[in-house]
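# Survey of secondary and tertiary structure
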Amino acid sequence: MNCNYPHEEHMTSGHLACQACGGAMIMRHCLKALGEDTVCVIPASCWTIIAGNWPYNALKIPVLHTAFETAGAASSGVKAALDIKGRNKTNVLAFAGDGGTFDIGLQSLSGATERNEDIIYVCYDNEAYMNTGIQRSSATPEGAWTTTSPESMPKQGPKKNIIQILCAHKIPYCATANVAWPDDLIRKVKKAAETRGTSFIHVFSPCPPGWKIPSEQSIEVARLAVHTKVFPLYEVFNGEEYHINIEPKNLPVENYLKLQGRFAHLNVEEIKKIQNRVDYEWKVLLQRSMMESFQLVM
């Protein structure tokens, strides 16, 4: 383990997450990076339950539970209140799932980022509405089974590219991260805390029950998502400058899909279609990473 890995824990045992829940691991690493001087805003999501029943809480920091669609607005309000109290160094962490980020919370997030609020927004992406019964979201990948996109009619169309949406707001810092690389995740959260203005981190979050995988394969599947180029790890500065952090092993996407029951119905042609989409998106990302940062000439 990296000697710089923080050892102090700000998340306790006794939480209510499923075994090998990516969201639980992500929260733990985020709080290691940010420390105790942090306020966490959690919209409706799995983490509404994971934190525990009132008056108990698995987190050793203040937590504001808020409505599904309001993480961006609530975080903005918390930050403004802290600034008024002179606590402008206190971190404000919005911690939301893909439903509360890609879909229901997008307008609130867009408003906060357009104002460049000084907050850290982390999306733990398990690619469906897992807390309410594994329903399809716009983060659900093409071809995936959910309870609202069954095998007879699986998810049609590609997953929404949330990083590109946030980059269009020209915020100072965007990044992708993955629980299989905790040092990289912690480094990015620390960088977000050091950045003035809005930072957005999109974290790959395996969900064993929703993805139909054994809990012991959670990290293996997360690692394969990077090495098959399904979920590349990179950073974007000011919406323009792209840095790829991990070089994938260029494994076939089938290696990733075949471990998950939610893709068990796919045939050869459907897998080939997904492979083509992954290869295209990787090619676009490579091109962006090789471009010089755009300089505005007045």
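Residues numbered from 1 in each chain as written. Predicted model: local features only at pLDDT ≥ 70, side-chain atom pairs only at ≥ 80, totals over all residues. Heavy atoms only, no water.

## Concerning the overall build of the protein
When helices and strands are tallied, the protein shows 11 helices and 8 strands. By the compact-globule yardstick of 19 Å for 298 residues, the protein fits well, its C-alpha radius of gyration being 18 Å. Over its C-alpha atoms, taken along the principal directions, the protein stretches across nearly 60 × 55 × 40 Å. Going through the 298 residues of the protein one by one, you find that 53% of them count as buried. If you take every contact in the protein between residues at least 6 apart in sequence, the share linking residues at least 24 apart comes to 70%. (Helix = DSSP H or I, 4+ residues; strand = E, 2+ residues; numbered from the N terminus. Rg over C-alpha atoms; globule rule 2.2 N^0.38 Å. Buried < 20%, exposed > 50% of the residue type's maximum accessible area, 1.4 Å probe, protein only. Contact = heavy atoms within 4.5 Å.)

## Some thoughts on the packing of helix H1 (residues 22-34) against helix H7 (residues 182-194)
Across the interface, H1 lies against H7 with an axial gap of 8 Å and an inter-helix angle of 50 degrees. Relative to H7, the element H1 lies oblique. The hand of the H1/H7 crossing is right-handed. Across from Ile26, His29, Cys30, Lys32, Ala33 and Leu34 in H1, the residues of H7 making contact are Pro182, Leu185, Ile186, Val189, Lys190 and Ala193. (Axes fitted to C-alpha atoms, helices over the stretch in contact; angles between N-to-C directions. Parallel < 35°, antiparallel > 145°, perpendicular 65-115°, else oblique. Left-handed = near helix turned anticlockwise from the far one by under 90°.)

## Things to note about helix H11 (residues 268-290)
For H11, built from 23 residues, the straight-helix expectation of 33 Å at 1.5 Å per residue is met to within 8% by its first-to-last C-alpha distance of 33 Å. Within the sequence span of H11, burial applies to Ile271, Ile274, Gln275, Val278, Trp282, Val284 and Leu285. Buried-residue contacts for H11 involve strand E7 (234-237), strand E8 (241-244) and helix H10 (253-257). Where H11 starts, the residue carrying a side-chain oxygen 3.1 Å from the main-chain nitrogen of Glu269 turns out to be Asn267. (Expected span 1.5 Å × (residues − 1). Polar contact = N/O pair within 3.5 Å; in protein donor to acceptor, adjacent residues only side chain to side chain.)

## Describing the side chain of Asp125
Along the chain, the position of Asp125 falls in strand E4 (residues 120-125). Reaching out from Asp125, the side chain makes a polar contact with the backbone nitrogen of Glu127 at a distance of 2.9 Å. At 2.8 Å, the side chain of Asp125 forms a polar contact with the side chain of His202. Here Asp125 is in contact with Asp98, Phe102, Ala139, Lys159, His202, Val203, Phe204 and Ser205, once residues within four sequence places are set aside.

## Regarding unusual backbone geometry
Omega for the bond connecting Trp54 with Pro55 falls within 30 degrees of zero, at 10 degrees, which places this linkage in the cis form. Tracing the backbone shows Pro55 in the loop between helix H2 (46-50) and strand E2 (63-66). Within the chain, Ala20 stands out as a residue other than glycine whose phi angle is a positive 60 degrees. Summarising the element assignment, Ala20 is placed in the segment before H1. We note that Lys229 has phi near 70 degrees; this positive angle belongs to a residue other than glycine. Here Lys229 lies in the loop between helix H9 (218-227) and E7. Note on Lys229: relative accessible area 9%, which makes it buried.

## Regarding the packing of aromatic side chains
Counted by the stated rule, this structure contains 10 aromatic pairs. For the pair Tyr234 and Tyr242, a centre-to-centre distance of 6.1 Å together with 20 degrees between the ring planes defines the contact as stacked. Considered together, Tyr234 and Tyr242 belong to a single accessibility category, that of buried residues. Of the aromatic side chains, those joined through ring pairs into one cluster are Phe204, Trp211, Phe231, Tyr256 and Phe263. Sitting above the plane of the Trp145 ring, Lys212 keeps its charged end 3.8 Å from the centroid. Residue placement shows Arg262 over the ring face of Trp211; its charged tip is 4.1 Å from the ring centre. (Phe/Tyr/Trp six-rings, centres within 6.5 Å; stacked < 30°, edge-to-face > 60°. Lys NZ or Arg CZ within 6 Å of the ring centre and 35° of its normal.)

## Considerations on the layout of surface pockets
If you add up the space inside the largest pocket, you get close to 620 Å³. Contributing to the lining of the largest pocket are 29 residues, with Lys159, Asn161, Val230, Pro232 and Glu281 lying nearest its centre. Put simply, the parts of the chain that give the lining of the largest pocket at least two residues each are helix H6 (162-167), H10 and H11. Here the element with the most residues in the lining of the largest pocket is H11; it accounts for 8 residues. For the lining of the largest pocket, the residue count by class is 17 nonpolar, 4 polar and 8 charged. (1 Å grid on protein atoms, 1.4 Å probe; cavity = no way out; pocket = protein on both sides within 12 Å on 5 of 7 lines; lining within 4 Å. Points joined across faces, edges and corners; volume = space filled by probe spheres on them. Nonpolar A, V, L, I, M, F, W, Y, C, P; charged D, E, K, R; others polar.)

## Let's talk about the pattern of salt bridges
Counted under the stated rule, the structure contains 19 salt bridges. Where Arg28 meets Glu9, a salt bridge forms, and the shortest distance between an N and an O atom there is 2.5 Å. Remark: Glu9 occurs in the segment before H1 and Arg28 occurs in helix H1; sequence separation between them is 19 residues. Judged by its relative accessible area of 25%, Glu9 is partly exposed. Salt bridges sharing partners connect three or more residues here, namely Asp184, Arg187, Lys188, Lys191 and Glu235. (Salt bridge = Lys/Arg side-chain N within 4 Å of Asp/Glu carboxyl O.)

## Observations regarding the nonpolar core
Core analysis: the largest hydrophobic core is formed by 62 residues, its most contacted members being Ile26, Met27, Trp47, Leu93, Phe95, Val122 and Tyr256. Broken down by element, this core gets its largest block of residues, 7 residues, from H1. Among the nonpolar cores identified, the runner-up in size contains 20 residues, and Phe102, Leu166, Cys167 and Leu285 belong to it. (Core = buried A, V, L, I, M, F, W, Y, C linked by side-chain atoms within 4.5 Å.)

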